[in-house]
Amino acid sequence: MALMNLPVVGPISVCESLVAVVTVCVVYLLLRLLSTQIPEGLKRLPGPKPLPIIGNVLELSANPHLSLTAMSERYGPVFQIQIGMRPVVVLSGGETVRQALIKQGEEFSGRPDLHSFQYISDGKSLAFSTDQAGVWRGRRKLALSALRFFSTIEGSSSEYSCVLEEHISKEGMYLVEQLSTVMKANGTFDPFRHIVVSVANVICGMCFGRRYSHDDQELLSIVNLSHEFSQVASTGNPADFIPFLRFLPSRTMKAFMDMNDRFTQFVQKIVREHYISYDKNNIRDITDSLIDHCEDRKLDENSNTQISDEKVVGIVNDLFGAGFDTVSTFLSWAVMYLVTYPEIQEKLHQELREKVGMDRLPRLTDKSNLPFLEAFITEVFRHSSFVPFTIPHCTTKNTSLNGFFIPKDTCVFVNQWQVNHDPTVWKEPTDFSIERFLNADGMSINKLEAEKVMMFGLGKRRCIGEAIARSEVFLFLAILLQRLRFYQKPGQAPDMTPEYGLTMKHKRCQLSASLRT
Ligand code: HEM
């Protein structure tokens, strides 16, 4: 919205354009000459030579995770590229990433002030905004404790170990029913279309205390718009790195802004309803608990009000947004792998039949008893690496990594895809093999290998929804595998080519399924 209000460049003469271009080039060269004095004992970052103004944009290709992986083979695990006018440090290799995000976690815990990030949750996102460390830490703590509380409290009956298990079990069964109904009516179904509603309902239950039907147009219009978001939020938009592009119309950017507006309005409407019906003695969900936190602060003279009410309650935006897209993308990929490898699907079903049986639903406590399923989940995470980069990081002070100097406020990309496909760590990294995560006896998980897979980031910015996400992917998949058999439409092998983004999706497609007896 703000971008559309900016004045578009008016008519300018050739002479004026030339002067502008020459000035930009001179300033650019001067900045490069004056930039980065390397402290003694440290080295300058290696990397490809940038072109003026556009930097290394042309070398990034449509799949930056692949081109940056190829560059890491040439320049090593820490190197610098220039995207437009902005230097970006790229980290690869498990050891180097661990060193940066865990051992030097504080120095790499910032977020860069990318232009497009200001449109996410009105610039007040917990995950994307450049909040000062104190504010971000306070919000993160609040978000973590709200998530923990509203996933571990008791369910409505003793059948469930906690409310999270109840939400997932119920949504899992609705999903099975929904898919068999669609199969009866159409003969095929689009996996993402249905999975995303079920997963959104789990996080809606926790955040807003409500669920939506699979045909709810309002919810569908929100959850199906994540594609534009994902495209821009991953490694940014050209306008984040080449400032004058902000003044030119961009279709991707407009779609990104529209999507963010609609998403924020959707959540704000629910938050407004919560403010009206809020009752201190009946805290129903995460939104209520955040409102309650603000109300309590008002009564406490000594309370720390560094974080505004808007930023406290706005945390639900992040939890809802991050909570449905990632998990549903994973599950949708998992179904694609099941269809592609029917022999693995049968093995997983047999494991469930033997260890859980067909008379009851799987539970979270069955996890340790289902090593094939856990190995399958880990291999889908590794092989698809559908979150190829973490959210971009930023250095909070001058620092060094592997002997290379990195100035304060440098944008940092962490290449999770490379870590998960590093040929020095993984045997035949392009093969899909669940055996790589099983011990020699074939009956238990090789934890050491599983921990090498990187999907949730590491250190200070590590995903706060990891525990919930892991419970969701396990239980949804266990229920689907117990009740259904998935298969491809005759003669139509599924297209496993990922479409690049913050979360990489497979192409939308039609699959088939039948109920298991
Ligand atoms: C399979 C599912 C998921 C994956 C693969 C995933 C992955 C990630 C990654 C890679 C990051 C960025 C880490 C970094 O910048 O270093 C992240 C951040 C985050 N995730 Fe997740 N996530 C998942 C599910 C969830 C869920 C279910 C929630 C909430 C209910 C959630 C909430 C967040 C939040 C709030 C952040 C920002 C943390 C911060 O900036 O301090 N995620 N996630």
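Our structure is the block above this text.
None of these values were measured; they are calculated from a predicted model.

So, how was this worked out
Residues numbered from 1 in each chain as written. Predicted model: local features only at pLDDT ≥ 70, side-chain atom pairs only at ≥ 80, totals over all residues. Heavy atoms only, no water. Near = heavy atom within 4 Å. Polar contact = N/O pair within 3.5 Å; in protein donor to acceptor, adjacent residues only side chain to side chain. 1 Å grid on protein atoms, 1.4 Å probe; cavity = no way out; pocket = protein on both sides within 12 Å on 5 of 7 lines; lining within 4 Å. Sits in = over half its atoms within 2 Å of the grid points. Helix = DSSP H or I, 4+ residues; strand = E, 2+ residues; numbered from the N terminus. Nonpolar A, V, L, I, M, F, W, Y, C, P; charged D, E, K, R; others polar. Buried < 20%, exposed > 50% of the residue type's maximum accessible area, 1.4 Å probe, protein only. Contact = heavy atoms within 4.5 Å. Points joined across faces, edges and corners; volume = space filled by probe spheres on them. Core = buried A, V, L, I, M, F, W, Y, C linked by side-chain atoms within 4.5 Å.

The next point concerns the site of the ligand. Taken together, 25 residues lie near the ligand, and Arg111, Arg140, His393, Arg461 and Cys463 sit nearest. Here tryptophan 136 contributes a side-chain N or O atom positioned 3.0 Å from an oxygen atom of the ligand. Measuring from an oxygen atom of the ligand, one finds a side-chain N or O atom of arginine 140 at 2.8 Å. Mapping the ligand onto the cavity grids shows that it belongs to the largest cavity. Counting only elements with at least two residues in the shell around the ligand, the list comes to helix 6 (133-152) and helix 15 (315-340). In terms of residue count, the dominant contributor to the shell around the ligand is helix 15 (five residues). Across the shell around the ligand, the residue classes tally to 15 nonpolar, seven polar and three charged.

As for its position among the elements, alanine 200 is in helix 8 (residues 191-208). Residue alanine 200 is classed as buried on the basis of its relative accessible area of 0%. Residues alanine 200 and glutamate 171, 29 residues apart in the sequence, show an inter-C-alpha distance of 9.6 Å. Non-local contacts of alanine 200, meaning those with residues more than four positions away in its chain, are made with Leu219, Val223, Phe320 and Phe324.

In this section: empty space enclosed by the protein. Taken as a whole and judged by the stated rule, the model has two cavities of 30 Å³ or more. In this model, the largest cavity occupies a volume close to 1100 Å³. Lining the largest cavity are 50 residues; nearest its centre among them are Ala127, Ala322, Thr326, Ile391 and Cys463. Sorting elements by how many residues they give to the lining of the largest cavity places helix 15 first, with 11 residues. Here the residues of the lining of the largest cavity sort into 29 nonpolar, 14 polar and seven charged. Empty space within the second largest cavity amounts to approximately 30 Å³.

Another point: the environment of arginine 470. Structurally, arginine 470 is set in helix 20 (residues 466-483). Arginine 470 gets classed as partly exposed once you look at its relative accessible area, which sits at 33%. Sequence-distant contacts of arginine 470, that is, excluding residues within four places in its chain, are made with Lys367, Phe381 and Phe456.

In this structure, Ile286, Phe320, Phe330, Leu373, Phe376, Leu477 and Phe486 are the most contacted members of the largest nonpolar core, which totals 130 residues. Looking at this core element by element, the count peaks at 15 residues for helix 15. Residues contacting phenylalanine 376, with those up to four places away along its chain left out, are Ala334, Tyr337, Leu338, Ile344, Leu348, Phe432, Ile434 and Leu477. Core analysis: the second largest hydrophobic core is formed by 16 residues, Val89, Phe404, Val412 and Met454 among them.

Take it as geometry only, folks, not as evidence of what the structure does.
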